[in-house]
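Overview (structure and organization)
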Amino acid sequence: MAGFQDVVSTEWLAEKFNDGSVSDVRILDVSWHLPQAGRDAAAEYEKQHIKGALFLDMNKCRDTSSDLEMMLPSADVFAEHVGKLGVTNNTHVILYDNNEKLGLFSAPRAWYMFHVFGHEKVSILNGGLPKWLAADGSTTDDVCDVEPVTYSPIFNDNLVKDKGDVDKNISENNFTLVDARPPGRFKGEDSEPVPDIKSGHIKGSINIPFVKTLDTDAKLLKDVKQLKAVFSDADIDITKPVVVMCGTGLTASFLALAAHHSSQIDLPIYDGAWMEWFLKGDADTMENVPE
């Protein structure tokens, strides 16, 4: 993953609308909410979205055959979903989501997914729909029609780690494993949002909560200098092998985004995440799991 603008501002997008060049990009609403939030991202999109935006359903653009919550889709499934939205291999894709609390939530996961399948021309709208609305950006409930196209994915296996890779790492220490969940879940003090999954962490992993990548007051991704400090403050050298993980695969993407945006470094994600490890890992490889 190299050399493309990972994050754009609402001012940048507004200028695209003002000068007529917005037709050069494809805006996608990639909102996804935790089930307990009781929100319907698709229905919310239909009621209000950035003018010209289409909806990429993150509940469907994943491995729906898996018992794990947020596993990557196959290359063919990804190509089918984005092709139906008029995304070609040369399209500059702008991603946003609708999370009033953080400004960003599911957009980094979508950004990561695009990169996994070889699409470098993808940017996140910093602050998402809430920031766009605060800036009086134009919205609509009209859904535009697009001509489906053929998308040709190129799978980057270097961006994905599986359970076998992490199993092997416990004995061989090939990489540093960084967990992006909140501290309470990492330490086994707070519950996991997924039913029947206890909290805790993989032995030897290090905790960098994903919210450290955010300016929580402004509800924006931090700047490049601050993002570099997220890793250095935790004594993590991302020029050496590092793999990131979280509870289901979503918030680890914040750390992958932070490393790429600040340092042009690719951090692979353990896609099965803590959910898979808790269900299938050996008990002696887990720490701080409540009784």
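What you see is a predicted model; the values in this text were computed from it and never measured. (Residues numbered from 1 in each chain as written. Predicted model: local features only at pLDDT ≥ 70, side-chain atom pairs only at ≥ 80, totals over all residues. Heavy atoms only, no water.)

**Considerations on the overall build of the protein**
Spelled out, the test is: In this text, helices come from DSSP runs of H or I with a minimum length of four residues, and strands from runs of E with a minimum of two, each type numbered from the N-terminal end. The globule rule is 2.2 Å times the number of residues to the power 0.38, and the radius of gyration it is compared with is taken over C-alpha atoms. A 1.4 Å probe rolled over the protein chains alone gives each residue an accessible area, and that area as a share of the maximum for its type sets the label: buried under 20%, exposed over 50%, partly exposed in between. Note that accessible areas follow from Shrake-Rupley with a 1.4 Å probe, and for residues the cover is restricted to the protein chains shown.
Tallying secondary structure elements over the protein gives ten helices and 16 strands in all. Relative to the compact-globule value of 19 Å for 291 residues, the protein shows a C-alpha radius of gyration of 19 Å, a close match. Its C-alpha atoms put the protein at 55 × 40 × 35 Å along the principal axes. Per-residue burial for the protein yields a buried fraction of 53% across its 291 residues. Counting every atom, the protein has about 13000 Å² of accessible surface; 46% of that belongs to carbon and sulfur.

**Some points on the packing of aromatic side chains**
Put simply, the rule is: Any pair of Phe, Tyr and Trp rings, taking the six-membered ring for Trp, is counted once the centres come within 6.5 Å. Such a pair is stacked with planes under 30 degrees apart, edge-to-face with planes over 60 apart, and tilted for the rest. Two conditions define a charge sitting above a ring: the NZ of Lys or the CZ of Arg must be within 6 Å of the ring centre, and it must be within 35 degrees of the ring normal.
Taken as a whole and assessed by the stated rule, the structure comprises ten aromatic pairs. Relative to Phe155, the ring of Phe117 has its centre 5.9 Å away and its plane inclined at 45°; by these criteria the two rings are tilted. With Phe117 in the loop between α4 (107-116) and β6 (122-125) and Phe155 in the loop between β7 (139-140) and β8 (160-161), this pair connects stretches of sequence that are 38 residues apart. Residue Phe117 is classed as buried on the basis of its relative accessible area, which comes to 1%. Among the residues examined, Phe155 registers a relative accessible area of 45% and is labelled partly exposed. Judged by centre distance (6.3 Å) and plane angle (90°), the rings of Tyr270 and Trp277 are edge-to-face. For the pair Tyr270 and Trp277, a shared accessibility class is recorded, and that class is buried. A connected cluster of aromatic rings, assembled from ring pairs, spans Phe78, Phe114, Phe117, Tyr151 and Phe155. A cation sits over an aromatic face here: Lys163 above Trp277, 4.9 Å from the ring centre.

**Re the side chain of Asn98**
Where we set the bar: In this description, contact between two residues means that some pair of their heavy atoms is separated by no more than 4.5 Å.
Tracing the backbone through its elements, the reader meets Asn98 in the loop between β5 (92-96) and α4. Beyond its immediate stretch of four places on either side in the chain, Asn98 contacts Ser31, His33, Arg39, Glu44, Leu129 and Pro130.

**A word on the pairing of strand β9 (residues 176-179)**
We count it as follows: For two strands to count as paired, DSSP must find a minimum of two bridges between them.
Bridge count between β9 and strand β14 (residues 242-245): four bridges; the pairing is parallel. When the sheet's bridge partners are listed, Leu177 is paired in β14 with Val243. Of the pairings in the sheet, the one linking β9 to strand β11 (residues 206-207) comprises two bridges and is parallel in character. In the strand pairing of β11, Val178 is matched with Ile206.

**Overview of unusual backbone geometry**
Of note in this structure, Asp235 is not a glycine but carries a positive phi near 60°. Structurally, Asp235 can be placed in the loop between α8 (224-232) and β14. Phi at Ala273 is positive, roughly 65°, even though this residue is not glycine. Considering the arrangement of structural elements, one finds Ala273 in helix α10 (residues 273-280).

**Description of the pattern of salt bridges**
For clarity, the cut-off: By convention in these notes, a salt bridge is any Lys or Arg side-chain nitrogen within 4 Å of a carboxyl oxygen on Asp or Glu.
For the coordinates displayed, the defined rule picks out eight salt bridges. Between Glu11 and Lys131 there is a salt bridge, with the nearest N and O atoms lying 3.9 Å from each other. Taken as a pair, Glu11 in helix α1 (residues 10-19) and Lys131 in helix α5 (residues 128-134) lie far apart in primary sequence, 120 residues in all. A salt bridge links Asp271 to Arg109; the shortest N-O distance between them is 2.8 Å. You can see Asp271 sitting in the loop between β15 (269-270) and α10 and its partner Arg109 sitting in helix α4, a full 162 residues away along the chain. The pair Asp271 / Arg109 is uniform in exposure class, with both members buried.

**Concerning the packing of α8 against helix α9 (residues 252-263)**
The test is simple: Axes here refer to lines fitted to C-alpha atoms; in helices the fit is confined to the stretch in contact. Angles between the N-to-C directions go from 0 to 180 degrees. We call two directions roughly parallel when the angle between them is under 35 degrees, roughly antiparallel when it is over 145, roughly perpendicular when it lies between 65 and 115, and oblique otherwise. The crossing is said to be left-handed when, going from far helix to near helix, the turn is anticlockwise and less than a right angle, and right-handed when the turn is clockwise. Classes in brief: Ala, Val, Leu, Ile, Met, Phe, Trp, Tyr, Cys and Pro nonpolar; Asp, Glu, Lys and Arg charged; the others, Gly included, polar.
Look at α8 against α9: their axes get within 9 Å of each other, and the N-to-C directions meet at 125°. With respect to α9, the element α8 is oriented oblique. Crossing of α8 against α9: the hand is left-handed. Residue-level contacts link Val224, Leu227, Lys228 and Phe231 of α8 to Leu255, Ala258, Ala259, His261, Ser262 and Ser263 of α9. Residues that form the contact of α8 with α9 fall into these classes: six nonpolar, three polar and one charged.

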